[in-house]
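Observations on the three-dimensional arrangement
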Amino acid sequence: MRKLRRADWINALILSGIIGIGGFSFGCTTSLRPLNPEDITLDDPGAGLVFGRIHLLYNGNDQRRGLRYPATLAWWMSDDPQGRSFIVSDLPVDGSFILKLPLGRYNITSLGFRDGLGEWTVSLPAVFTVEAGCTYLGTWELRFQAGMFAGQASAEVVDQPEFVRDDIARIHPGSSCPLTVVLLKTTTQGSLRLSRSARGTE
């Protein structure tokens, strides 16, 4: 398997991904993306479904106020104790998602996104655990304030139980999946930096 160039890695981090577990990997890094409803199964006893929500305020705006970029987010994470690396791309900036992951503990080490200036890396570590059945992580409220080359990030996790069953019913209709609430544990303050400028903005 060929070694990824830096540009390939960033494009993989932000844009690419394959549905499922272990379907596509760059060396030792597995690329994932949120599941479509028709692809959701719970037939693997070693894996669980992870439900959550993300709401991003970017320079004071969100999608409800006309925010166009970033359109998606990506996570760079690893699992304990195996230390396997994962890239999760195409996560919403305002909405719910579902992932299928091996059971265990996961460390989100950084986030990534793209806007008109280029590709950004966000240092905002977080931790979550995947239990058997369905795990609900809560809503990750993110606030990014970006300048030309760097900025600040802050976060909190909100438990919104009124949305959980609605999300499961909408994303996974007819599911009888046992639900465990294990809220994401997030760092509250972090930073962002422009890791690659868009052409014409250097």
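These remarks concern the structure in this document. This one's a predicted model, so the numbers in the text were calculated from it and none came from an experiment.

Turning our eyes to something else, we now look at the nonpolar core. Counting residues in each nonpolar core, the largest one holds 36 residues, and the members touching the most others are W75, F128, W140, L142 and F144. If one sorts the elements of this core by residue count, strand β10 (residues 134–146) sits on top with five residues. Residue contacts for F128: discarding those within four places in its chain leaves W75, M77, L101, G104, R105, Y106, I108, L137 and L184. Membership of the second largest hydrophobic core comes to seven residues, among which are L35, L49, F51 and C134.

On inspection of all chains with the given rule, the structure shows six salt bridges. Here R84 makes a salt bridge to D79, at a shortest N to O gap of 2.6 Å. If you follow the salt bridges from partner to partner, you end up with R114, E119 and R196 in one network.

Moving on to the layout of surface pockets. Approximately 160 Å³ is the volume found for the largest pocket. As for the largest pocket, its lining consists of 11 residues, and the residues nearest its centre are P34, L35, N36, D90 and S96. Within the residue set of the lining of the largest pocket, elements represented by two or more residues are β5 (85–92) and β6 (94–102). Here the element with the most residues in the lining of the largest pocket is β6; it accounts for three residues. Of the residues contributing to the lining of the largest pocket, the split by class is seven nonpolar, two polar and two charged.

Here we come to the pairing of strand β8 (residues 118–123). The pairing of strand β7 (residues 104–115) with β8 spans five bridges and is antiparallel. The partner of R114 across the bridge, within β8, is E119. Adjacent in sequence and paired antiparallel, β7 and β8 are bridged by two residues. Where β8 and strand β14 (residues 189–197) come together, six bridges link them in antiparallel fashion. When the bridges of β14 are listed, W120 appears paired with L194.

Cut-off values and rules
Residues numbered from 1 in each chain as written. Predicted model: local features only at pLDDT ≥ 70, side-chain atom pairs only at ≥ 80, totals over all residues. Heavy atoms only, no water. Core = buried A, V, L, I, M, F, W, Y, C linked by side-chain atoms within 4.5 Å. Buried < 20%, exposed > 50% of the residue type's maximum accessible area, 1.4 Å probe, protein only. Helix = DSSP H or I, 4+ residues; strand = E, 2+ residues; numbered from the N terminus. Contact = heavy atoms within 4.5 Å. Salt bridge = Lys/Arg side-chain N within 4 Å of Asp/Glu carboxyl O. 1 Å grid on protein atoms, 1.4 Å probe; cavity = no way out; pocket = protein on both sides within 12 Å on 5 of 7 lines; lining within 4 Å. Points joined across faces, edges and corners; volume = space filled by probe spheres on them. Nonpolar A, V, L, I, M, F, W, Y, C, P; charged D, E, K, R; others polar. Pairing = 2+ DSSP bridges.

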